[in-house]
Amino acid sequence: MSTPAAPSPTPNSPETPPPQVSSGKVPLRGKAKKLSLWARFRRVFAEIADAVIQAVQSLIAHRLRAALTISGVSVGIMAVIIIFMVESGMEASFARQLNSLGPNTLYVHKWAWGVGGRDWWKLRNRPAVGQMDYRALLANAKLPIAISPVANTEAVVSRAEKEVKNIDIRGTTEAFLEAGGWQLKRGRFISDLDHEIGSDACVIGADLEDAFFKSGDALGQRIKVGPTTRCTVVGTLVRKGNAFGRSQDGLVVMPLSSFLRSFGPKRGLTIAVVAEAGKVMETEDEVIAVLRAARRLGPDQEDNFSVNRQDKILQGFNQTMMTVNLVGILVGVITAAVAGIGIMNILLVSVKERTREIGIRRALGARRGSILIQFLCEAVIVALVGGAVGVGLGAGAAALLDLLSPVPASIDPRVVTGGVLGSCILGAIFGLWPALSAAFLHPIEALRHE
Amino acid sequence: MALIELDHIGKCYDLGLSKVHALKDIHVSIETGELVAIVGQSGSGKSTLMNIVGCLDVPTSGRYHLSGRDVSELSDDELSDVRNLEIGFIFQSFQLLPRASALENVELPLIYRGISKKERRELAIAALEQVELADRMKHRPTELSGGQRQRVAIARALVTQPSLLLADEPTGNLDSRTGEEIVRLFLDLHSKGNTIVLVTHEPKLAARCPRAVRIVDGLVIADGPGREVALANAEAMGADVVAQVLAAEAAAASHRKGAFAP
């Protein structure tokens, strides 16, 4: 089995030595050869370029194995992205809803916002906030710009044959418009006179206007609120949009006195107190003082009412978000570990398979660092592809979530860079041990490996 | 100063319970341009010696100077650089990367030298031309015959223009005719000024080298013209080897005439 294609080198060699011998060889020969700094610099680039090519070839050669590991990484990255996306969606929608409460508005209420657990038992025996408190504030508090008592319930609203369920019914006074951050679209708002005489006037939100008066003028029309009450529409409100997946515009506003007559006089109120910007703290102190006096609380007694601000909701919300965050981080760490172990596994197999290659490369002059770079590149490429696919899947999930659920979901560039960068780091961390084990193989043993 | 100076080299493997002295006291020097065969039975220590000469391993005692530089106490990275810059390896089992083409295999050592892609390609093509395989450079090792694979390996060793070509049983995996081609390639490379160290257990290969060093039990017991060392070795091994040596001489004679050996 000789090689007929390759002729014996003897005949032509003595007369025509290949040009390399005479020209190229001499300058490279010499004592104690050393690489210049520039050559060392270029060597690193050449090694990395070679490592990337080798890694891609290796992954293509073992498609299934690579695909499984990559899918592991991408599912992990996707899960983390979805969690943080939902989280930021919740936060964004909450912040928007919170804004609609107004930063300078205090809410006097039986309950303290953002409080649960043991405190609940303490608070449940408090007297409800009622009209007496409202009158006391109206008469004695000087700092507030506006004071608006609000009672609310849910009821069915109907007109002729049509009815709309789960409508937010609020009984209040003129100040509600300012305190609640609403804008009047047409007609007029409830006046204090309406409250005093208990008129049947009402103002409706944009959802109801759409439902009942699509093709006509709402003003002056009669609607039925709840089982018995009939009201006349005197104004309509500008659409406010969704908060927390719920429309805020399915709303009927009526005079407080009329509301209490229809839905029961013992209902607790929330009194919205609008403070001047920058004077929120003073206003809060004054409100507390006025209410303590009105309720005849002694100096040793605790407040039996709460003055809530939006930042108190924020506190409760932040607590919830912290839990969600913690769960997200935990899930992220677990999926990262699982994906990382997958990378480690594929890399160990690769090192095992290529032990001889490692020996060959070492014999040809690869340093330990070169071998390390080679396998780290492979790990990072697997992780990077997985991360990119994961970010893609995450973006798809975001689009789907945005389309199907009320939580607004979007993917921002920080998530993309974070996902890609994170997977890179993941690959490097979990690839380190296999790569080190490859780098520290003894060249002779690696060459003998079968 | 000689290219290779082995100064009382010893190599001892500590196996825990016992110590194995693979090399006891090797004292050899090889000049630039020499073609030297290192012969010995398996277990004689010749592979260990080759690993040390090739800077894949370091001796446990003695000094080894390569191109005037003491390499017996270099760090791992420095040894890697010495291997890349000074030594061209040729292995019995070729040791080519199976997934890479002949050309890519030959380019491989140049990567560790920071040579640009274009220049790597040029040098590799030139080296493949030198072993007359330029027409096969796109083939993978599996698509080449044994002799062709060994030529690729030789081209890979030549491409760095090393001070020393180090071949470990280069004809061991080849049939006799292909082996003869490879031997002639080595003789040819030697005639062009390359320094070559061949490690072999085949007397007929040693007999054709100008110089041979025979190693037994980690000691140099003969160092002289290849024919004499091979014959002395043959005496120790039995008469049938004498026939092999004589056959090798006949082949060498025909080589000198430039005819093709049957």
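Numbering of residues starts from 1 in each chain and follows the order in which that chain's sequence is written. Chains carry letters from A onward and ligands carry numbers from 1 onward, assigned in written order. At least 70 in pLDDT is required for a residue's local features to be given in this predicted model, at least 80 for side-chain atom pairs to be given and counted, and no such filter applies to totals for whole chains, interfaces and linings, which use all residues. To obtain the side-chain values, all non-hydrogen atoms of the structure were included, while hydrogens and water were left out.

1. What about the overall build of chain B?
Definition in use: Each helix is a run of H or I in the DSSP string that is no shorter than four residues. Each strand is a run of E no shorter than two, and both are numbered from the N terminus. We compute the radius of gyration over the C-alpha atoms and compare it with the globule rule, which gives 2.2 Å times the number of residues raised to the power 0.38. Throughout, a residue-residue contact means that at least one pair of heavy atoms, one from each residue, lies within 4.5 Å. Only the protein chains shown count as covering a residue, and every accessible area follows the Shrake-Rupley method with a 1.4 Å probe. Charged residues are defined narrowly, with Lys and Arg counted positive, Asp and Glu counted negative, and His plus the chain ends left uncounted. Here the site of a charge means atom NZ of a Lys, CZ of an Arg, CG of an Asp or CD of a Glu.
Of regular secondary structure, chain B possesses 9 helices and 10 strands. Over its C-alpha atoms chain B spans a radius of gyration of 18 Å, differing by no more than 12% from the 18 Å that the globule rule assigns to 262 residues. Taking all contacts inside chain B whose residues are at least 6 apart in sequence as the whole, residues at least 24 apart take part in 67%. Working note: accessible area of chain B is about 9800 Å², and carbon and sulfur atoms make up 53% of it. Charged side chains of chain B number 29 positive and 35 negative; the gap between the two group centres comes to 6 Å.

2. Concerning the overall build of chain A
A count of helical and extended segments in chain A gives 16 helices and 12 strands. Considering only contacts in chain A between residues 6 or more positions apart, those separated by 24 or more positions represent 75%. As displayed, chain A has an accessible area near 22800 Å², and 62% of this comes from carbon and sulfur atoms.

3. Let's talk about the domain arrangement of chain A
Quoted interface sizes are often the accessible area lost when the parts come together. To keep things clear, this is the line we draw: Here the limits of each domain have been adopted from an automatic or database domain assignment.
Assigned domains of chain A: these are domain 1 (39–92 + 318–448) and domain 2 (104–309). Centre-to-centre separation of domain 1 of chain A and domain 2 of chain A, based on C-alpha positions: 55 Å.

4. Brief notes about helix H10 (residues 256–263) of chain A
Residues and elements named next belong to chain A. We count it as follows: A simple rule labels every residue: compare its accessible area, found with a 1.4 Å probe on the protein chains alone, to the largest value its type can have, and call it buried under 20%, exposed over 50%, or partly exposed in between.
Burial runs high along H10: 6 of the 8 residues are buried. By the burial criterion, the buried members of H10 are Leu256, Ser257, Ser258, Phe259, Leu260 and Phe263. Each element contacted by the buried residues of H10 is listed here: helix H6 (131–140), strand E2 (146–159), strand E3 (162–172), helix H8 (192–197), strand E6 (222–225) and strand E10 (251–255). Of the residues flanking the end of H10, it is Gly264, one or two places downstream, whose phi is positive at about 105 degrees.

5. Digging into the layout of surface pockets
Residue and element names in this part refer to chain A. To be explicit about the condition: Detection works on a 1 Å grid of protein atoms alone, calling trapped sets that fit a 1.4 Å probe cavities and calling open sets with protein on both sides within 12 Å along at least five of seven lines pockets, with lining residues defined by an atom within 4 Å of a point. Grid points are joined across faces, edges and corners, and a volume is the space filled by probe spheres set on the points. Nonpolar residues are Ala, Val, Leu, Ile, Met, Phe, Trp, Tyr, Cys and Pro. Charged residues are Asp, Glu, Lys and Arg, and all others, Gly as well, are polar.
In this model, the second largest pocket occupies a volume close to 530 Å³. Looking at the second largest pocket, it is lined by 22 residues, and the ones nearest its centre are Val80, Ile81, Phe84, Gly418 and Gly419. Counting residues per element, the ones that place at least two in the lining of the second largest pocket are helix H4 (63–101), helix H12 (310–353) and helix H15 (413–439). Tallying contributions element by element places H4 first for the lining of the second largest pocket, with 8 residues. Residue composition of the lining of the second largest pocket, grouped by class: 11 nonpolar, 9 polar and 2 charged.

6. Some details on a nonpolar patch on the surface
Residues and elements named next belong to chain A. For clarity, the threshold we go by: Without a salt bridge and with relative accessible area above 30%, a residue can belong to a patch; like charges are then joined within 9 Å and nonpolar side chains (Val, Leu, Ile, Met, Phe, Trp, Tyr) within 5 Å. For this analysis, a salt bridge means a side-chain nitrogen from Lys or Arg found within 4 Å of a carboxyl oxygen belonging to Asp or Glu.
On the surface, Val44, Ile48, Val52, Val56 and Ile60 cluster together into a nonpolar patch covering about 350 Å² of accessible area. Tracing the backbone shows Ile60 in helix H3 (residues 37–61). Take Ile60: its relative accessible area is 47%, and that puts it in the partly exposed class.

7. Some details on unusual backbone geometry
Residue and element names in this part refer to chain B. The phi dihedral of His8 falls on the positive side, at around 50 degrees, and the residue is not glycine. Along the polypeptide, His8 turns up in strand E1 (residues 4–14). Here Gln161, not a glycine, exhibits a phi torsion of approximately 50 degrees, which is positive. Structurally, Gln161 can be placed in the loop between helix H5 (146–158) and strand E7 (164–168). Look at Gln161 and you get buried, because its relative accessible area is 2%.

8. Points about the packing of helix H3 (residues 102–111) of chain B against H5 of chain B
Residues and elements named next belong to chain B. Basically, it comes down to this: Axis definition: a line fitted to C-alpha atoms, over the contacting stretch in the case of helices. Angles run 0 to 180 degrees between N-to-C directions. What sets the label is the angle itself: under 35 degrees gives roughly parallel, over 145 gives roughly antiparallel, 65 to 115 gives roughly perpendicular, and the rest give oblique. What makes a crossing left-handed is the near helix being turned counterclockwise from the far one by less than a right angle; a clockwise turn instead makes it right-handed.
Relative to each other, H3 and H5 sit at 30 degrees, their axes nearing to 7 Å. With respect to H5, the element H3 is oriented roughly parallel. Like other packed secondary-structure pairs, H3 and H5 cross with a definite hand, here right-handed. Residues Ala102, Asn105, Val106 and Pro109 of H3 pack against Val152, Ala155 and Arg156 of H5. Here the residues of the contact of H3 with H5 are counted per class, giving 5 nonpolar, 1 polar and 1 charged.

9. Examining the nonpolar core
Test applied: We call a set of buried residues a nonpolar core when its members are Ala, Val, Leu, Ile, Met, Phe, Trp, Tyr or Cys and they connect through side-chain atoms within 4.5 Å of each other.
Formed by 69 residues in total, the largest nonpolar core has its most connected members in Ile4, Leu6, Tyr64 and Leu66 of chain B. When residues of this core are assigned to their parent elements, the largest contribution, 8 residues, is made by helix H14 (residues 368–404) of chain A. Ranked by size, the runner-up nonpolar core spans 47 residues in total, among them Met137, Leu144, Val183 and Ala212 of chain B.

10. Focus: the pattern of salt bridges
With the rule as written, the count across this model stands at 34 salt bridges over all chains. Here Glu357 of chain A ties to Arg354 of chain A by a salt bridge, and the two come within 3.2 Å at their closest N and O atoms. In terms of burial, Glu357 of chain A and Arg354 of chain A fall into one category: buried. One salt bridge in this structure joins Arg368 of chain A and Asp76 of chain B, with 3.2 Å as the shortest N-O distance. Of this pair, Arg368 of chain A sits in helix H14 while Asp76 of chain B sits in helix H2 (residues 76–86), each in a different chain. The class for Arg368 of chain A is partly exposed, based on a relative accessible area of 28%. Residue class for Asp76 of chain B comes out partly exposed when judged on its relative accessible area of 21%. Connected through salt bridges with shared partners, the residues Asp50, Arg354, Glu357, Arg361 and Glu378 of chain A form a single ionic network.

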